[in-house]
Structure formats: structure tokens, C-alpha cells
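Overview (structure and organization)
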Amino acid sequence: MPHSFGYRARTRHMFKRGFKEHGPVKLSTFLINYRVGDIVDIKANAAQQKGMPHKYYHGRTGIVYNVTPSAVGVIVHKVVGNRYIEKRVNLRVEHVRHSKCRQEFLDRVKSNHEAHVAAKASGERVNLRRIPSLPRESRTVSSSSNAPQTIVPLRYETTI
């Protein structure tokens, strides 16, 4: 049972760097542009202790509401009791990255638009909705050329 209740208590594995990812922060981290309204994932980088999020926000997704030269402000919704509280967290750019949670949706919007334009040009209707995968087709297994086999375990034999 832990006896310390500090700000970074019980974060031994949470804040560790990945395999072959130790050392200083890469400069490309600072060249990424963030804009108000971007969806970002919060992942603490242990190489930079300044502007590090509390362990609760590690792994959460939020929306950027403020951008400064070295940090961003992120809105995260936190469950407290039976309600959501909007928390505004200020983090350095080393601890955030663009989220890929909307990428599939944006790709689908783009492909749907292209399909719609092509259908309008050819004068036909096209279904742009996602269709759930149907159950597999039924099959019949014939035993005429496929005789059933009885499978039994082999006896254990020592080879010493």
C-alpha cells in the first residue's frame, strides 16, 4: 500500500520514456503548429518537467483554447461525481500531440465529397452511408472426399 501522495505519486510506468526514445526532446516537437480548436492528445514527456500535466490528464484528449509561444491551453472534460467539469490545463508543447481520433472521419468526408461530385457529373445516385458488414454466407461441408478424423493427444515420452 503506498504511503506517498505527492503530485507524481504512482507514475513510475506512466511517465517513463519508450524504448529507444530516451534523451532530449527532438526539435521537430517545437516546429508543430497548434491552432485554437485543434484536438490534441495529452501525453507527458518525462524529459521536460516544466509544464507537465497532472497524472490524471495523461492519456486524455482535449481541445486547444489558447496558444502561446511555448505552451498551449487545453480544455479537458473531467468526470466528478455525476457530472462533467470543464478543466482548462496549460501544458508545454512537449506534452501534447495532434490527435488522430478524427482522421478516419475526415478521410470519409473527403471521399464522400469526391464520390458525390463524380455522381452529380454523371447524373446518377450514389449511396454515401456506411454499411455494416453482413453475416457470412452459409456453407455445406461434404464428407464424401473429406472423411472425419478423430484427434487424440499423443502420449508423453521422454527422450533421455
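The present account deals with the structure reproduced in this document. (Residues numbered from 1 in each chain as written. Predicted model: local features only at pLDDT ≥ 70, side-chain atom pairs only at ≥ 80, totals over all residues. Heavy atoms only, no water.)

**What to know about the overall build of the chain**
Secondary structure assignment for the chain yields one helix and five strands. If you list the helices and strands of the chain from N to C, you get β-β-β-β-β-α. Radius of gyration (C-alpha) of the chain: 27 Å, far over the 15 Å computed for a compact globule of 160 residues. Taken over 160 residues, the chain has a buried fraction of 21%. Of the contacts made within the chain by residues no fewer than 6 positions apart, 53% connect residues no fewer than 24 positions apart. By element, 54% of the accessible surface of the chain is carried by carbon and sulfur atoms, the whole surface being about 14,000 Å². (Helix = DSSP H or I, 4+ residues; strand = E, 2+ residues; numbered from the N terminus. Rg over C-alpha atoms; globule rule 2.2 N^0.38 Å. Buried < 20%, exposed > 50% of the residue type's maximum accessible area, 1.4 Å probe, protein only. Contact = heavy atoms within 4.5 Å. Areas by Shrake-Rupley, 256 points an atom, 1.4 Å probe, with all protein chains shown as cover.)

**Some points on the environment of Ser-138**
Position of Ser-138 relative to the elements: it lies in the segment after α1 (103–122). Spatially, the C-alpha atom of Ser-138 lies 56 Å from that of Gly-23, the residues being 115 residues apart in sequence.

**A look at the packing of aromatic side chains**
Tallied over the full model, the rule gives one aromatic pair. Seen in terms of ring centroids, Tyr-56 and Tyr-57 are 5.1 Å apart; in terms of plane orientation they differ by 90 degrees. Their pairing is edge-to-face. Given a relative accessible area of 22%, Tyr-56 falls into the partly exposed group. Owing to a relative accessible area of 9%, Tyr-57 belongs among the buried residues under this scheme. Taking the ring centre of Tyr-56 as reference, the NZ or CZ of Arg-60 above it sits at 4.2 Å. If you follow Lys-78 out to its NZ or CZ, it ends over the ring of Tyr-56, 4.5 Å from the centre. (Phe/Tyr/Trp six-rings, centres within 6.5 Å; stacked < 30°, edge-to-face > 60°. Lys NZ or Arg CZ within 6 Å of the ring centre and 35° of its normal.)

**Concerning the pairing of strand β1 (residues 39–42)**
Only one face of β1 is covered, namely the one carrying Val-40 and Ile-42; the face carrying Ile-39 and Asp-41 has none of its residues buried. As paired elements, β1 and strand β2 (residues 61–67) share three bridges and run antiparallel to each other. Its bridge partner being in β2, Val-40 is matched across the sheet by Gly-62. (Pairing = 2+ DSSP bridges.)

**A short note on the environment of Val-89**
Take Val-89: it is sitting in strand β4 (residues 83–92). The spacing of Val-89 and Gly-73 is 16 residues in sequence and 5.6 Å in space, taken between C-alpha atoms. The residues touching Val-89, leaving out its near neighbours within four places in the chain, are Tyr-57, Val-72, Gly-73, Val-74 and Val-76.

**Considerations on the nonpolar core**
Within the largest apolar cluster, 12 residues are counted, these being Tyr-34, Val-40, Ile-42, Tyr-57, Val-64, Val-72, Val-74, Val-76, Val-89, Leu-91, Val-93 and Val-96. When residues in this core are grouped by element, the largest group, three residues, is from strand β3 (residues 71–80). Excluding its chain neighbours within four sequence positions, the residues that come into contact with Val-72 are Tyr-34, Val-64, Asn-66, Val-67, Val-89, Asn-90, Leu-91, Val-93 and Val-96. (Core = buried A, V, L, I, M, F, W, Y, C linked by side-chain atoms within 4.5 Å.)

**Some remarks on the layout of surface pockets**
Space inside the largest pocket adds up to approximately 450 Å³. If you trace the largest pocket, you find 22 residues lining it, with Arg-17, Thr-29, Asn-45, Glu-94 and Arg-97 closest to the centre. Split by residue class, the lining of the largest pocket holds nine nonpolar, six polar and seven charged. (1 Å grid on protein atoms, 1.4 Å probe; cavity = no way out; pocket = protein on both sides within 12 Å on 5 of 7 lines; lining within 4 Å. Points joined across faces, edges and corners; volume = space filled by probe spheres on them. Nonpolar A, V, L, I, M, F, W, Y, C, P; charged D, E, K, R; others polar.)

**Some remarks on the sheet that holds β3**
Hydrogen bonds between backbone groups are what pair the strands of a sheet, and the pairing can be parallel or antiparallel. Spatial strand order, β4-β3-β2-β1-β5: five strands in an open sheet with antiparallel pairing. Both outer strands of the open sheet, β4 and β5 (96–98), are each paired with one neighbouring strand and no more. Adjacent strand axes in the sheet meet at a mean angle of 45 degrees when their direction is disregarded. As judged from the 10 bridges shared by β3 and β4, these two strands associate in the antiparallel manner. When the bridges of β4 are listed, His-77 appears paired with Glu-86. (Axes fitted to C-alpha atoms, helices over the stretch in contact; angles between N-to-C directions.)

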